[in-house]
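Fold and geometry: a report
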Amino acid sequence: EGYVGSVVISELLNKNYNIFSIDNLLYDQNNKIRSYFNNRSYNFKNIDIRNNYFNEIDFSKFSAIIIFAGLVGDPITKLYPEESIEINENAIMKTIDHSCSFNNDNIIFISTCSNYGLIKDDLYANEEHELNPLSLYSKSKVKIEQYIKSKNSSINSTILRFATAFGLSERMRFDLTLNEFTKDIFLKKELEVYDPDTWRPYCHVKDFAKLISIVLSSPKDLIKNQIFNAGSNQNNYTKRSIIKCISKHINFDNLIKYLPKGKDARNYKVDFSKVKNMLGFKADYSLDYGVKEIINAFENNKFININKDFQNYGNYKIFSEKK
């Protein structure tokens, strides 16, 4: 029920999938799931995967398990390191084991391109590139990838290393680079940009949903025990080039301060040839599209209370207790 997951739900419901969603709503996003309640193909359980109630769910009735669960991003995992290990490692391994205990071995695990960490040379990291996780968040993702690989002889897994997400979602986040930059510049706020020439790959949430739909419909022998970088080569950007993209649509003066040596040392370009060549995936949405749709949302007063309720628009803190 998170930022990307809620978009995936919409995509799969439109393709006539039956959805059984498990979430403990730790970001207090109850209001984000109401639009699905009247869809007979959608079921939701407010359950924390750390809790024993989770063991009561019969995984044998599902055709696939998509694992989005976790504290997502470097800031939130730094703020809650113990909970991060508990959720992003221990509970995810338990989820994988629980699924396999019902002989449901069709697992899609959502990982991250942050696993590549820091690439000093002007290289593009493909799926075989050495992993260099710098944060607790990415180290946990690598650990789960390794755990899945240790079971490759007995499960049918697909690992998707997501690029940095952007775009509109029912559970909107403005603590992601493009979304945050566009919001602040539109609202005429001063924006401090550290290490503006470091590279990252980006991908629209709708394209992530499209890719998951492709994986679900692909022949098993094509996706079994495969790792795919999820994104597109044309969406490798520096922070400075994102600002330039936004400047095409918003006039701003002296709002941007470029600063060196931020706390985030990540710098990587990513090669997305494999997912294109093997699965025929091509991203439909550019960063320019993402900027325009966010501007349009603000112009139509979609986020009129954002200054008051900003913590509801990102992974800033945990609100909910375990269920």
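Cut-offs applied
Residues numbered from 1 in each chain as written. Predicted model: local features only at pLDDT ≥ 70, side-chain atom pairs only at ≥ 80, totals over all residues. Heavy atoms only, no water. Helix = DSSP H or I, 4+ residues; strand = E, 2+ residues; numbered from the N terminus. Polar contact = N/O pair within 3.5 Å; in protein donor to acceptor, adjacent residues only side chain to side chain. Contact = heavy atoms within 4.5 Å. Buried < 20%, exposed > 50% of the residue type's maximum accessible area, 1.4 Å probe, protein only. Pairing = 2+ DSSP bridges. Axes fitted to C-alpha atoms, helices over the stretch in contact; angles between N-to-C directions. Phe/Tyr/Trp six-rings, centres within 6.5 Å; stacked < 30°, edge-to-face > 60°. Lys NZ or Arg CZ within 6 Å of the ring centre and 35° of its normal. 1 Å grid on protein atoms, 1.4 Å probe; cavity = no way out; pocket = protein on both sides within 12 Å on 5 of 7 lines; lining within 4 Å. Points joined across faces, edges and corners; volume = space filled by probe spheres on them. Nonpolar A, V, L, I, M, F, W, Y, C, P; charged D, E, K, R; others polar. Parallel < 35°, antiparallel > 145°, perpendicular 65-115°, else oblique. Left-handed = near helix turned anticlockwise from the far one by under 90°. Core = buried A, V, L, I, M, F, W, Y, C linked by side-chain atoms within 4.5 Å. Salt bridge = Lys/Arg side-chain N within 4 Å of Asp/Glu carboxyl O.

A word on the side chain of lysine 269
Looking at the secondary structure, you find lysine 269 in strand 13 (residues 269-270). Side-chain polar atoms of lysine 269 contact the side chain of aspartate 122, separated by 2.5 Å. Among residues more than four places away in sequence, those in contact with lysine 269 are Ile119, Asp122, Leu123, Tyr124, Ala125, Trp199 and Asn236.

Examining helix 5 (residues 177-186)
Of all ten residues that make up helix 5, eight are buried, and the element is covered over most of its length. Buried residues belonging to helix 5 abut strand 7 (164-166), strand 8 (191-194), strand 9 (199-204), helix 8 (239-247), strand 12 (256-259) and helix 10 (287-299). Positive phi appears at lysine 188, one or two residues downstream of helix 5, with a value of about 60°.

Remarks on the sheet that holds strand 6 (residues 156-162)
The strand order across the open sheet formed by four strands is 3-4-6-10, and the pairing between neighbours is parallel. Each having just a single partner strand, strand 3 (65-67) and strand 10 (226-230) make up the two edges of the open sheet. With strand direction ignored, the average angle separating the axes of adjacent strands in the sheet is 20°. Judged from the five bridges that link them, strand 6 and strand 10 form a sheet pairing that is parallel. Counterpart to phenylalanine 162 in the pairing with strand 10 is alanine 230. Its contacts with the sheet place helix 6 (residues 205-217) against strand 3, strand 4 (106-112), strand 6 and strand 10, and it is angled at close to 165° to strand 6.

Notes on the packing of aromatic side chains
Counting across every chain of the model gives 13 aromatic pairs. These aromatic residues form a ring-pair network of at least three members: Phe174, Phe186, Phe298, Phe303 and Tyr313. Over the face of the ring belonging to tryptophan 199 we find lysine 269, whose NZ or CZ atom lies 4.2 Å from the ring centre. Over the face of the ring belonging to phenylalanine 228 we find lysine 274, whose NZ or CZ atom lies 5.1 Å from the ring centre.

A closer look at empty space enclosed by the protein
By the definition in use, this model includes one cavity of 30 Å³ or more. The computed volume of the largest cavity comes to approximately 50 Å³. In terms of lining residues, the largest cavity is bounded by Phe68, Ala69, Gly70, Leu71, Val72, Asn88, Ile92, Phe109, Tyr137 and Lys141. Looking at the lining of the largest cavity, the elements that each hand over two or more residues are helix 3 (81-101) and helix 4 (136-150). Grouping the constituent residues of the lining of the largest cavity by class yields seven nonpolar, two polar and one charged.

Considerations on the packing of helix 3 against helix 4
As a packed pair, helix 3 and helix 4 sit with axes 10 Å apart at the nearest point and diverge in direction by 15°. With respect to helix 4, the element helix 3 is oriented roughly parallel. Here helix 3 and helix 4 pass one another in a crossing that is right-handed. Contact residues: helix 3 offers Pro81, Ser84, Ile85, Asn88, Glu89, Ile92, Met93, Ile96 and Asp97, while helix 4 offers Leu136, Tyr137, Ser140, Lys143, Ile144, Tyr147 and Ile148. Of the residues that constitute the contact of helix 3 with helix 4, the class distribution is ten nonpolar, three polar and three charged.

Some remarks on the nonpolar core
Soluble globular proteins tend to bury their nonpolar side chains together. Ranked by size, the top nonpolar core spans 64 residues in total, and within it Val4, Leu160, Phe162, Phe174, Leu211, Leu279 and Phe303 carry the most contacts. The element best represented in this core is helix 6, accounting for seven residues. Contacts of valine 4, omitting those with residues within four sequence positions, involve Phe68, Phe162, Ala165, Val205 and Phe208. Ile49, Met93, Ile107 and Tyr147 belong to the second-largest nonpolar core, a separate cluster that totals 20 residues.

Quick look at the pattern of salt bridges
Scanning all chains against the criterion turns up 13 salt bridges. We note a salt bridge from glutamate 190 to lysine 257, for which the minimum N-O separation is 3.6 Å. Remark: lysine 257 occurs in strand 12 and glutamate 190 occurs in the loop between helix 5 and strand 8; sequence separation between them is 67 residues. Accessibility expressed as a relative area gives 48% for glutamate 190, which makes it partly exposed. Look at lysine 257 and you get partly exposed, because its relative accessible area is 40%.

Looking at the sheet that holds strand 11 (residues 236-238)
Across the sheet, which stays open at both edges, the three strands sit in the order 7-9-11 with mixed pairing between neighbours. Two strands in the sheet have a free side with no partner beyond their single neighbour: strand 7 and strand 11. Going from strand to strand, the sheet's axes swing by 50° on average, the running direction of each strand aside. The pairing of strand 9 with strand 11 spans three bridges and is classified as antiparallel. When the bridges of strand 11 are listed, tryptophan 199 appears paired with threonine 238. Most of the contacts of helix 10 go to strand 9, to which it runs at about 60°, and overall it touches strand 7, strand 9 and strand 11.

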